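# Structure at a glance
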Amino acid sequence: MIRVPLRHSLVTRLLVTSVLIVIAAIVATAWLAASTATRAISQEQGQSLTDDKGVYDMLLGYAATHSDWSGAPALIQARAAKLDRRITLMTLDRAVLADSGPGPSLAAARPSATIDPLNVDTALTGGPLNGDTALTGGAARIDPRAVGPFRVPAAQRDELDKVAADALSCIRKVGAQGRVVDLPNGRPSIVVSGFDPDSYAAGCASKLAFVTTKAEVKPLAQLGRLATSCAGLSAKYRLGVWPDFSVFYASAVDSVKVAEVQPVASASSARISGCVEKARRAMLQAYVAPPALLFVTDPRSGADQTRFTLSRSNTIRIVTVTGGVLLATILVTVLVGYRLVRPLRALTDAADGHRPVPVSTQDEIGRLARALNDSTERRDRAEAQRRAMVSDVAHELRTPLTNIRSWLEAAQDDLAPTDGQLLELLHDEALLLQHIIDDLTDLAAADAGTLRVHPEPTYVRDVLTQVAESHRAPAQAAGVELTIAVQGDPVVTADPVRLRQVVGNLVANGIRYTPAGGSVTLAASEDRISVRDTGVGIAPENLPRIFDRFWRADGSRSRTTGGSGLGLAIARKLTEAHGGTLTAESTLAHGSTFTIRLPAPPPPPATPT
Ligand code: ADP
């Protein structure tokens, strides 16, 4: 079998095409999935986080200003309806405080946040609490809205407002801008804006922080005491706290003299401010709602708070890209399929119309087309041979049959005597018929591959002698001399009966086509057997055709002694069945030589010495 080079193979082309399609589809799908999911998730997350933060901040504000959660349900209900979320509030022991609607149990769910105004989740509020660094000292995680006992009643604000007004004019004097804002504890505060290179304006504004109202004195003093005992200072000092919760050391003897204030050293500042915050938390405890767990969930699916639905633009992207990939796949497949099928169609059409198939490619289809052409050619040749053969057979059988019939009819009509001579004539014709039929049988067997030969070591001299003897009589009758010339004692591996048939055919031809006075020589040497005559010879243009079935030179056709035209064809078939060759050389009017070459016999087994 001839193999198609891999580069031309249909399998390779199909493989390359499908691999390319698959790679394109995978890349497109992966890109689409990654980009769409990323977009959708960030969109969803952004939205859900904003929602969560809003709810968190609202509830944190409530908790900072109420000592219990009794007002929470109404608040939650309204916000849940607005956001289309389920909002649930639980105690730290997971007892439901408020729930915006029914839904799956959240007993095992992860809370969105813990709401504790004294321990604010800065990740959810996004940085320092409400920007109120003035009040908290920047470090506290206590919601500034939780003011508790530190509230300044409106009646005591006059003094503070006056200081604030002074501070504002001081700020304007240094050329900066400022404005007053109200803090959750009822104190005014000043926000400086504009260019302030030397912090003069900040200095003007800071005065306000050191003014303590009557209402604040007691709670701040208590805060100082608690912080002092927490910090474990030497007996000489105690801690004081300003209204903005910044700390100072004060003499244990006289607490209110600002002149004796010493700033807190930075090494101990973390511990000290931790103590202040702890003390503040303890004081505020009673004023704020207890910590609670917040759950913001999907009212439909339950515990998972992150809904994943595709936006319109993402859906369009997915549909467009997948549609594009699908379309490209279909297009490429159709194109490749069409290219593959086109030569097959041409092949079918050509085969249907008994025309030669056009061969245009080197691939499997090209090979198929070539094979189909070869087979059609062989079939046509065989068909022509078959027709010629049938007509030849009919022709060959007709002559002896016509002879037999004519003789018989003449006898019936008493035109010929029914004597021994007539019987001999009829017998000769019947023998000729028999001969033709035997030859045809041999040829048919050779064609079918069932021609059996039984090779054995055969002495060539014996075979030639036997053939010469059996042809002695006709040779004498024709006036042709028969001689044998054997060099040495050659042995061949051949079926002796078939070898006699081959040599016999050649000798019969030699006698037949040699005029009286000529000779036929049966010669043999180590590697060949030849039959040489001094007869009429064969024209060079006829030489290639003498082995064809039923072929005869025109001259021999007219001869009464002419054979069937099958003899040489059979002789060659038989030689080939032995694995040998039969060739002819001839010179017109000088004679012909037919040479048989048989494969050398295997060497005799070595004889032990
Ligand atoms: P046929 O029965 O006619 O001899 P063959 O197949 O034996 O058929 O030979 C085919 C033809 O080859 C013969 O008809 C003859 O024309 C030619 N031929 C065969 N042998 C010889 C020969 N020895 N000398 C000249 N012509 C020959």
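Residues numbered from 1 in each chain as written. Predicted model: local features only at pLDDT ≥ 70, side-chain atom pairs only at ≥ 80, totals over all residues. Heavy atoms only, no water.

Glancing now at the overall build of the chain. Per the secondary structure count, the chain includes 15 helices and 15 strands. Counting all 609 residues of the chain, 37% fall into the buried class. Partitioning the contacts of the chain with sequence separation of at least 6, the portion at a separation of at least 24 is 63%. Accessible surface for the chain amounts to roughly 34,500 Å². Of this, 59% is attributable to carbon and sulfur atoms. (Helix = DSSP H or I, 4+ residues; strand = E, 2+ residues; numbered from the N terminus. Buried < 20%, exposed > 50% of the residue type's maximum accessible area, 1.4 Å probe, protein only. Contact = heavy atoms within 4.5 Å. Areas by Shrake-Rupley, 256 points an atom, 1.4 Å probe, with all protein chains shown as cover.)

Right, let's talk about the side chain of Arg86 for a bit. Mapped onto the elements, Arg86 comes out in strand β1 (residues 86-91). Note on Arg86: relative accessible area 6%, which makes it buried. One polar contact links the side chain of Arg86 to the main-chain carbonyl oxygen of Gly101, over a distance of 3.2 Å. A distance of 2.9 Å separates a polar side-chain atom of Arg86 from the backbone oxygen of Pro104. Residue contacts for Arg86: discarding those within four places in its chain leaves Asp99, Ser100, Gly101, Pro102, Gly103, Pro104, Leu106, Phe295, Val296, Thr297 and Pro299. (Polar contact = N/O pair within 3.5 Å; in protein donor to acceptor, adjacent residues only side chain to side chain.)

For Thr376, the location among the structural elements is in helix α10 (residues 364-412). We classify Thr376 as partly exposed; its relative accessible area is 21%. Along the backbone, Thr376 and Pro356 are 20 residues apart, and their C-alpha atoms lie at a distance of 7.9 Å.

Our focus in this paragraph is the sheet that holds strand β3 (residues 113-115). With respect to topology, four strands assemble into an open sheet ordered β2-β1-β8-β3, the strand pairing being antiparallel. A single partner strand is all that each edge strand has here, and the edge strands are β2 (96-99) and β3. For this sheet, the mean inter-axis angle between neighbouring strands, taken without regard to orientation, is 25 degrees. Examined bridge by bridge, β1 and β2 share three bridges and lie antiparallel to one another. Pairing of Met90 across the sheet is with Val96, part of β2. Packing against the sheet, helix α2 (residues 72-83) makes contact with β1 and β2, and its axis sits at approximately 155 degrees to β1. (Pairing = 2+ DSSP bridges. Axes fitted to C-alpha atoms, helices over the stretch in contact; angles between N-to-C directions.)

On to the confidence of the model for the chain. For the chain, the mean per-residue pLDDT works out to 83, and 88% of the residues sit at or above 70. Scored below 50 in pLDDT, residues 128-139 shows 23 contacts in the model against residues more than four places distant or in partner chains. A low-confidence stretch, residues 255-261 (pLDDT under 50), is modelled with ten contacts involving residues beyond four sequence positions or located in other chains. (pLDDT = per-residue confidence, 0-100.)

Below, the discussion takes up the packing of aromatic side chains. Inspection of the entire model under this criterion finds three aromatic pairs. Between the aromatic rings of Phe150 and Phe245, the centroid separation amounts to 5.2 Å while the plane-to-plane angle is 90 degrees, which identifies the pairing as edge-to-face. Of the two residues, Phe150 sits in the loop between α4 (133-136) and α5 (157-173) while Phe245 sits in the loop between β6 (237-241) and β7 (247-251), which places them 95 residues apart along the sequence. You'll find Phe150 and Phe245 in the same group, each marked buried. Over the face of the ring belonging to Phe547 we find Arg572, whose NZ or CZ atom lies 3.8 Å from the ring centre. (Phe/Tyr/Trp six-rings, centres within 6.5 Å; stacked < 30°, edge-to-face > 60°. Lys NZ or Arg CZ within 6 Å of the ring centre and 35° of its normal.)

For the rest of this paragraph, the subject is the pairing of β1. The buried fraction of β1 amounts to five of the six residues, a majority that puts the element mostly inside the structure. Where β1 lies against strand β8 (residues 292-297), six bridges are found, and the strand directions are antiparallel. Directly across from Arg86, in β8, lies its bridge partner Thr297. Hairpin connection of β1 to β2: four residues between the antiparallel strands, including Arg94 at a positive phi of 65 degrees.

Let us look at the environment of Asp161. Its location among the elements puts Asp161 in helix α5. The exposure class of Asp161 is partly exposed, given its relative accessible area of 32%. Expressed as a C-alpha distance, the spacing of Asp161 and Arg187, which sit 26 residues apart in the sequence, is 8.7 Å.

This part is about the packing of helix α13 (residues 496-512) against helix α15 (residues 567-577). The N-to-C vectors of α13 and α15 enclose an angle of 150 degrees; their axes lie 9 Å apart at closest approach. Judged on the interaxial angle alone, α15 and α13 are roughly antiparallel. By crossing handedness, the relation of α13 to α15 is classed as left-handed. Side by side, α13 and α15 meet where Arg498, Gln501, Val502, Asn505, Leu506 and Asn509 of the first sit next to Gly567, Leu568, Ile570, Ala571, Leu574 and Thr575 of the second. Residues that form the contact of α13 with α15 fall into these classes: six nonpolar, five polar and one charged. (Parallel < 35°, antiparallel > 145°, perpendicular 65-115°, else oblique. Left-handed = near helix turned anticlockwise from the far one by under 90°. Nonpolar A, V, L, I, M, F, W, Y, C, P; charged D, E, K, R; others polar.)

So, about the pattern of salt bridges. Within this structure, the stated rule accounts for 19 salt bridges. Between Asp57 and Arg145 there is a salt bridge, and its shortest N-O distance comes to 3.3 Å. Here Asp57 is found in helix α1 (residues 10-65), whereas its partner Arg145 is found in the loop between α4 and α5, with 88 residues between them in sequence. Classification of Asp57 as partly exposed rests on a relative accessible area of 33%. In this structure, the salt-bridge partner of Glu216 is Arg187, at a minimum N-O distance of 2.7 Å. Within this pair, whereas Glu216 is found in helix α7 (residues 214-231), its partner Arg187 is found in the loop between β4 (177-182) and β5 (188-193), the two being separated by 29 residues in sequence. On the accessibility criterion, Glu216 (2% relative accessible area) is buried. Arg187 gets classed as buried once you look at its relative accessible area, which sits at 4%. Residues joined by salt bridges that share partners form a network here, namely Asp57, Asp143 and Arg145. (Salt bridge = Lys/Arg side-chain N within 4 Å of Asp/Glu carboxyl O.)

Formed by 44 residues in total, the largest nonpolar core has its most connected members in Val503 and Phe594. Looking at this core element by element, the count peaks at six residues for α13. Discounting chain neighbours no more than four positions away, the residues touching Val503 are Leu464, Val467, Leu522, Val531 and Ile596. (Core = buried A, V, L, I, M, F, W, Y, C linked by side-chain atoms within 4.5 Å.)

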